[in-house]
Amino acid sequence: MKDAVGRILLIDDEEVVLDSCLAILEGAGQDLATATSGSAGMEQVRAWAPDLVFVDLKMPGMSGMEVLEEIRALDPTIVCIVFTGFATISTAVEAMQRGAYDFLPKPFTPDEFRGMIRRGLDRRRLVVEAATLRREREALRENFAAITSHELRSPLGAIQQNLFVLTTELRGVISDDQQRRLERMGSRIKDLLELVNRWLRGFAVDFSSLREGFHPVAMAAPVEKSVESAQPEAVRKDIDITTEVDPAALVLGDEGTLAEALLNVIGNAVKYSREGGRVRVAAVREGEKVVVSVADTGVGIPQADLPHIFDDFYRGKAGEGGTGGAGIGLGITRRIVEAHGGTIAAASEPGRGSTFTITLPALAGPPAGPEQVPKGEAG
Amino acid sequence: MTERKKVLIIDDDPDFVEGIKSILDSADYETEVAYNPKDGWAALKEGKHDLLCLDIMMGRGAEGVMLARKIRKDAVLREMPVLIITSIREQIAFLFPGQAVHPGFVPVDELVEKPVEPELLLQKAGALIAAAEARQHGAE
């Protein structure tokens, strides 16, 4: 197999090193450039965009370490290998910590040099491929979200719109039973629209990008919001939801998605509880952590299902009192919690109830500024 | 005697337009329809409208946004209230989770989500037209 070829830049203040490197590579078909100082080398990097850079660590003026840092800041996909003298293995290790891919101790044999070039160019190919795949994946995700939401939601929205109109216009014209069926159709379409939204949320959203917008959140706010949203169903089933929130339970996060994560868990607790049951939501500060627990007295989760409940699309056996669901909620919850640097776990005793525990890194001190949501403003 | 208020609907989904139009017709608005931003712009230039109901996701993307911006730059049309009827708020939430939709994202007066309840549509339309008239009387 033919060796990979690419653009290789050699930076070394000793011209004899550069000359011998060029001599070794003569006729190998590599595209080569040299520089005798760090700053001249950086000029080449900017103008010429090499695949692979060999750089000497000890040079007058701009050092090899500085060259490494600048290259990493400029384009982290450029693969850097350092030349290093016999006595500087420890600095070579430091160089690798600063982004160098490998090091080649001087003096080296032609075969060692050629081998390193092969490795370096292979590495470059992999790094570039990985970056391309990452970009493609992101584009796919975003396109999927945009296309699906438009192509699926638009027709559903149009149907729903006309159902609204018909329901209004035909009031009194059609029988009560017909009216009821129209309303039922509207409610099914609404469920379908919500399902599409949840799917999109499950697949298409990169929750890690939330981090950029993190601010201090007192857990009281998302707890209150999520409990409020779960309340109608709880009232219908005569389930008592109690909350207990430690004022010191502060985290750095995104209030909206934290409320969404909690609602998925609290909603499940209500859904899988028998009529007249009880759901306890608590948020406490435990040292460096904030622990939010949601405990119910419901049907519980079979031991066999427990390890899988946070997987996407896992629905379990539903068991007693189970109602329909898409198996998405807890997967989303897990991803939201993980984006906050936290973990989620569940314990359950079938027939007696389940407890979900979300552990998040605590934020020291009270939240600053207007972010704190006053009680009663949620929703 | 009050004249019937004239509402222009610009949306590329004929079924959706029919739904909206039917609500407005039943409330005695005079409705006109355009199924793409180009025809919509032509209709706007041709006659005076008391309200524009505008969809965002048309054509190859958010062409409704472009149209809304164009309207806001027009010395005459900028006085007309614009009601955005769209599902884009949710789409934006998907693409940029956790971020509030920037209030200046589209320079419009109101935004309602598709599908819109008839009462809500009529309430928003009525309020926007009344506010625009009040502004006009104030300026006179």
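Scroll up a little and you will see the structure.
Residues numbered from 1 in each chain as written. Chains lettered and ligands numbered in written order. Predicted model: local features only at pLDDT ≥ 70, side-chain atom pairs only at ≥ 80, totals over all residues. Heavy atoms only, no water.

Draft legend 1. Broad picture of the layout of surface pockets. All names here are of chain B. Counted as a void, the second largest pocket has a volume near 360 Å³. What lines the second largest pocket is a set of 17 residues, among which Lys48, His49, Glu79, Met80 and Gln136 lie closest to the centre. Listed by contribution, the elements that provide at least two residues to the lining of the second largest pocket are helix 2 (37-46) and helix 5 (118-139). Across the lining of the second largest pocket, the residue classes tally to seven nonpolar, four polar and six charged. (1 Å grid on protein atoms, 1.4 Å probe; cavity = no way out; pocket = protein on both sides within 12 Å on 5 of 7 lines; lining within 4 Å. Points joined across faces, edges and corners; volume = space filled by probe spheres on them. Helix = DSSP H or I, 4+ residues; strand = E, 2+ residues; numbered from the N terminus. Nonpolar A, V, L, I, M, F, W, Y, C, P; charged D, E, K, R; others polar.)

Draft legend 2. Here's a closer look at the packing of helix 8 (residues 255-271) of chain A against helix 9 (residues 329-339) of chain A. Residue and element names in this part refer to chain A. Between helix 8 and helix 9, whose axes approach to 9 Å, the crossing angle comes to 145 degrees. Between helix 8 and helix 9 the crossing geometry is left-handed. Residue-level contacts link Thr257, Leu258, Glu260, Ala261, Asn264, Val265 and Asn268 of helix 8 to Gly329, Leu330, Ile332, Thr333 and Ile336 of helix 9. (Axes fitted to C-alpha atoms, helices over the stretch in contact; angles between N-to-C directions. Left-handed = near helix turned anticlockwise from the far one by under 90°. Contact = heavy atoms within 4.5 Å.)

Draft legend 3. Quick look at the pairing of strand 1 (residues 7-11) of chain A. Residue and element names in this part refer to chain A. With four of its five residues buried, strand 1 lies for the most part within the structure. Handedness of the crossover joining strand 1 and strand 2 (residues 31-35) through helix 1 (residues 15-25) is recorded here as right-handed. Here strand 1 runs beside strand 3 (residues 52-56); their pairing, made up of four bridges, is parallel. Looking at strand 3, one finds that isoleucine 8 is bridged to leucine 52. (Buried < 20%, exposed > 50% of the residue type's maximum accessible area, 1.4 Å probe, protein only. Right-handed = clockwise from strand over helix to strand, strands pointing away. Pairing = 2+ DSSP bridges.)

Draft legend 4. View of the pairing of strand 10 (residues 289-296) of chain A. Residues and elements named next belong to chain A. Counting buried positions along strand 10 gives six out of eight residues, so the element sits mostly inside the fold. Pairing between strand 9 (residues 278-286) and strand 10: eight bridges, direction antiparallel. Residue valine 281 lies in a different strand from strand 10, and its bridge partner there is valine 294. Between strand 9 and strand 10, which pair antiparallel and follow one another directly, the connecting turn spans two residues, one of which, glycine 287, has a positive phi of 65 degrees. Pairing geometry for strand 10 and strand 12 (residues 353-361), over seven bridges, is antiparallel. Within strand 12, the residue paired with valine 294 across the bridge is phenylalanine 356.

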